[in-house]
Amino acid sequence: MKKANKIVEGGARKGNFNPRGTHQLVTSPKSPTSTGNRTCHQEFPSPTLDSKTNVVMKGQNVSLICSNQNKSLQIIYSLFLHEKFMKIQHSKGEPVIFNLSISEAHNLGPYQCKAEVSRCSKYSHKFNFTLADPVITPMLNVTVIKNQTNSYVTLRCISFNGSLPINYTFFEKDIALSPAISKHVREPAELNVTKKNTGAGGEYRCKAENRLPSLAKYSHPITMPSTDGDRCALCLQLLLPVLLLVLFVIILLASWILCKYKARKAVRDKAWRDYGNTPMEAGIYANVCENQADKESVPGLEPRQCVSTAQDETTQSQEIHYATPVFQGVKPRDHEAYNDDKTVYVYSELNI
């Protein structure tokens, strides 16, 4: 009995105790099974599980690729999510592709792939997807400060949606002005550029990109006017007040001339009206002319008649006067004698 007990105890030390009263020996490295396990580890390595992208959007369709370096064995591939079986595929020498849809956060992982051949099976490393929101079209703001020689340009770019971090890149036309500026908080990226005043303008834009590089967005381009255009604009700004001043002077002068013309016309019209209201003046002039003709008649000359016309009060008056002045000769001071010692009269006509 004592010997038997020793055998049982020894057996218990070398094996695992079975509740049913039997013993199961632990496989030792020298046993044939151990040799088979070593062969499984060497000739059948663990599979790899990967995807073309590990950052996805909600609702995106993705693919997981499971493969093994052994190309000669018929391998059974199984996919697990949270240690729960999902799909199975068979392949020999080619990787297998599992197509999935990320509909909720639970579908992000972890995933594992199991490769099995005969009694040998291996598991891949765990794989997880990362959920991200794509960026929207960024907003670009450009501020320019100029002096006589340089232009100081400040560029600010921000995307108000999209998972952080976001990388911003600034461009002038199609040339990048600097490396990407990464922002881990929701604030604009800023870039300062100093340029010489060459007279040429510039077109600026920016790109916003996060962990979804295929969904990067560009801002709308902003075109800055050339320096020559700014100079012309300044000239126009200075010229406009001058033109307004000249126009004001012209209007003022024209108004003054018009007022003066109207005043003169009013005076002239009033004179004609006043003259037309006194019809007796024409008769007086005519009488004077006739009386003068009667009083003095010049020998050898016919007396000129004085014609006077007058109209009524409703129309303008017009007069024509003819006068015959008489010039009396005076004896010269040197007492030169004339023929017959007669006084000589010289007459001339004067038309008025």
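Preceding this paragraph is the structure being described.
Let me sum up the structure you'll find in this document.

What counts and how
- Residues numbered from 1 in each chain as written.
- Predicted model: local features only at pLDDT ≥ 70, side-chain atom pairs only at ≥ 80, totals over all residues.
- Heavy atoms only, no water.
- Salt bridge = Lys/Arg side-chain N within 4 Å of Asp/Glu carboxyl O.
- Helix = DSSP H or I, 4+ residues; strand = E, 2+ residues; numbered from the N terminus.
- Buried < 20%, exposed > 50% of the residue type's maximum accessible area, 1.4 Å probe, protein only.
- Phe/Tyr/Trp six-rings, centres within 6.5 Å; stacked < 30°, edge-to-face > 60°.
- Lys NZ or Arg CZ within 6 Å of the ring centre and 35° of its normal.
- Core = buried A, V, L, I, M, F, W, Y, C linked by side-chain atoms within 4.5 Å.

In this section: the pattern of salt bridges. Counting across every chain of the model gives 6 salt bridges. Lys114 is the salt-bridge partner of Glu116, the closest N and O atoms lying 3.6 Å from each other. The salt bridge partner of Arg205 is Asp174, with a shortest N-O separation of 3.2 Å. Residue Arg205 is found in strand E18 (residues 202–209), and its partner Asp174 is found in the loop between strand E14 (166–172) and strand E15 (175–176); the two are separated by 31 residues along the sequence. For Arg205, a relative accessible area of 25% translates into the label partly exposed.

In total, this model carries 5 aromatic pairs according to the counting rule given. Ring centres of Phe80 and Phe85 lie 5.8 Å apart, and the angle between their planes is 70 degrees; on these two criteria the pair is classed as edge-to-face. On the accessibility criterion, Phe80 (16% relative accessible area) is buried. A centroid spacing of 5.1 Å and a plane angle of 85 degrees characterise the contact between Phe127 and Phe129, whose relative ring orientation is edge-to-face. There is no split in this pair, since Phe127 and Phe129 are both buried. Aromatic ring contacts, followed pair by pair, group Phe80, Phe85 and Tyr123 into a single cluster. Across from the ring centre of Phe171, 5.9 Å away, lies the NZ or CZ of Arg205, which sits over that ring.

Quick look at the nonpolar core now. A general trend in soluble globular proteins is that nonpolar side chains are found buried together. Leu49, Leu64, Tyr77, Tyr111 and Phe129 are the most contacted members of the largest nonpolar core, which has 22 residues in total. At the level of elements, strand E5 (60–67), strand E6 (74–81), strand E8 (96–102) and strand E9 (111–117) are the ones that each hand at least two residues to this core. With 16 residues, the next largest nonpolar core counts Leu155, Cys157, Tyr168 and Leu191 among its residues.

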